[in-house]
Amino acid sequence: MATLADVAREANVSVMAASVVLNGAKSATRTSAETRARVVAAAERLNYRANAAARALANGRANAVGIVASHWKEDANLYFMEVFGGIIEIATTSQQTAAVFMLRGWEEAQLRIAEVCDGRIDGLILVAPYLGAGSSAWMPKHIPIVSLHSESALDNVVNLEPEEEVGSFEAVSQMLAMGHRRILHVGGPAGLLGAERRLAGYRRAYEAAGLEPPEGHVIRSSFNTDGGRDAMLDWLRRQRGAPRVQAVFCGNDAIALGCIQALSEQGLRVPEDVSVVGFDDIWFARAARLTTVRQPLHAMGRRAMEVLMEQIDAKRESGQWQRSGNVVLPTEFVQRATLTPPR
């Protein structure tokens, strides 16, 4: 394989001059057109391929970004896949390499993030990081970082998130407007920011309608199908003899699917007997015609990559970039087959 020195000899220039031309350094503009043409022609004759590390050093840019997410063992991480599609779309059009770094849990984040921010990437996207505010102390400061749906505000990180409380409020308000009064909320784990915001929207919808939420109609689940099924079955067993629930508002689409399974196992039809509404609008919600709250997951991924590219460009030009902030994207209520007025 031809080396840079081989190209320099073939073009009758110094190794430095050949490097400046072939690695795209900013100083290449000070090289004469005749010299650039001679170097490029020599490289083509010798079938020379530039060293990626050398090109990155010359440009001050690796043209690569990192994506960090946690693997959920219970279900395929469909949230990640929807967001990832948006990130890759912009990475492709921007001619960026995207490297995915999966964690077994966010407790690994401090060590793994430090490892990947070693010069191989220009910036980092954190997908749904479950990190406390204290993580700001060890978060890398030398590269731009963007997060999606961060559990807490972090220094040196621009966060993108949906209007979860608003989306939840609009969904439950629609259910109440259709005549539902006994609405069960099967929310995510207690203490998680997203789960608490969706619960707040549920409660605010009742308040805005001048109604009291039915007692005992808020339960918790993990954010997966099995959790939703188990929580729903347990609640139905405990409610035997009580007036039947009219509708279920779920913390995400996976929980909603589990609730539908549980209701079916108990001989209850959706939506004829019980309506079910989810949150997220991932692909199986669309396939199952589930009424849900759409998070703009693909658009969030696109915007996260756009923000990161803006930061990377700003860093290269001036050494400064936006180091914190919060970008909020709207949600949308999507009416499909699983929500009808109560009998």
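Calculation criteria
- Residues numbered from 1 in each chain as written.
- Predicted model: local features only at pLDDT ≥ 70, side-chain atom pairs only at ≥ 80, totals over all residues.
- Heavy atoms only, no water.
- Helix = DSSP H or I, 4+ residues; strand = E, 2+ residues; numbered from the N terminus.
- Buried < 20%, exposed > 50% of the residue type's maximum accessible area, 1.4 Å probe, protein only.
- Polar contact = N/O pair within 3.5 Å; in protein donor to acceptor, adjacent residues only side chain to side chain.
- Contact = heavy atoms within 4.5 Å.
- Pairing = 2+ DSSP bridges.
- Axes fitted to C-alpha atoms, helices over the stretch in contact; angles between N-to-C directions.

Colleague: Help me understand unusual backbone geometry, please; the structure alone is not making it clear to me.
Modeller: Excluding glycine, residues mostly have negative phi values, and the peptide bonds linking residues are mostly trans. Following Val270, the chain continues into Pro271 via a peptide bond in cis, with omega recorded as 10°. Positive phi outside glycine occurs at Asn12, with the angle close to 60°. As for its placement among the helices and strands, Asn12 is situated in the loop between α1 (4–11) and α2 (15–22). Classification of Asn12 as exposed rests on a relative accessible area of 66%. Although it is not a glycine, Ala128 adopts a positive phi angle of roughly 50°.

Colleague: Before we go on, may I ask you to explain the side chain of His217 in this structure?
Modeller: With respect to the secondary-structure elements, His217 resides in the loop between α8 (193–208) and β7 (218–220). On the basis of relative accessible area, His217 is assigned to the buried category, the value being 7%. A distance of 3.0 Å separates the side chain of His217 from the backbone oxygen of Glu215, its partner in a polar contact. Those residues in contact with His217, other than ones at most four positions away along the chain, are Arg182, Ile183, Leu184, His185, Tyr202, Trp235 and Val245.

Colleague: Can you walk me through the environment of Ile312 in this structure?
Modeller: Within the secondary structure, Ile312 sits in helix α12 (residues 297–318). You can call Ile312 buried: its relative accessible area is 5%. Along the backbone, Ile312 and Pro144 are 168 residues apart, and their C-alpha atoms lie at a distance of 6.5 Å.

Colleague: Sorry, what's going on with the sheet that holds strand β6 (residues 183–187) here?
Modeller: The pairing of strands in a sheet comes from backbone hydrogen bonds and takes either a parallel or an antiparallel form. One open sheet holds the four strands; their spatial order is β7-β6-β8-β9, and the pairing between them is parallel. If you trace the sheet from one side to the other, it starts and ends with β7 and β9 (275–277), each paired once. Each neighbouring strand pair of the sheet contributes to a mean axis angle of 20°, computed without reference to strand direction. Here β6 pairs with β7 via three bridges, running parallel. Each residue of the ladder has a partner; that of Val186, found in β7, is Ile219.

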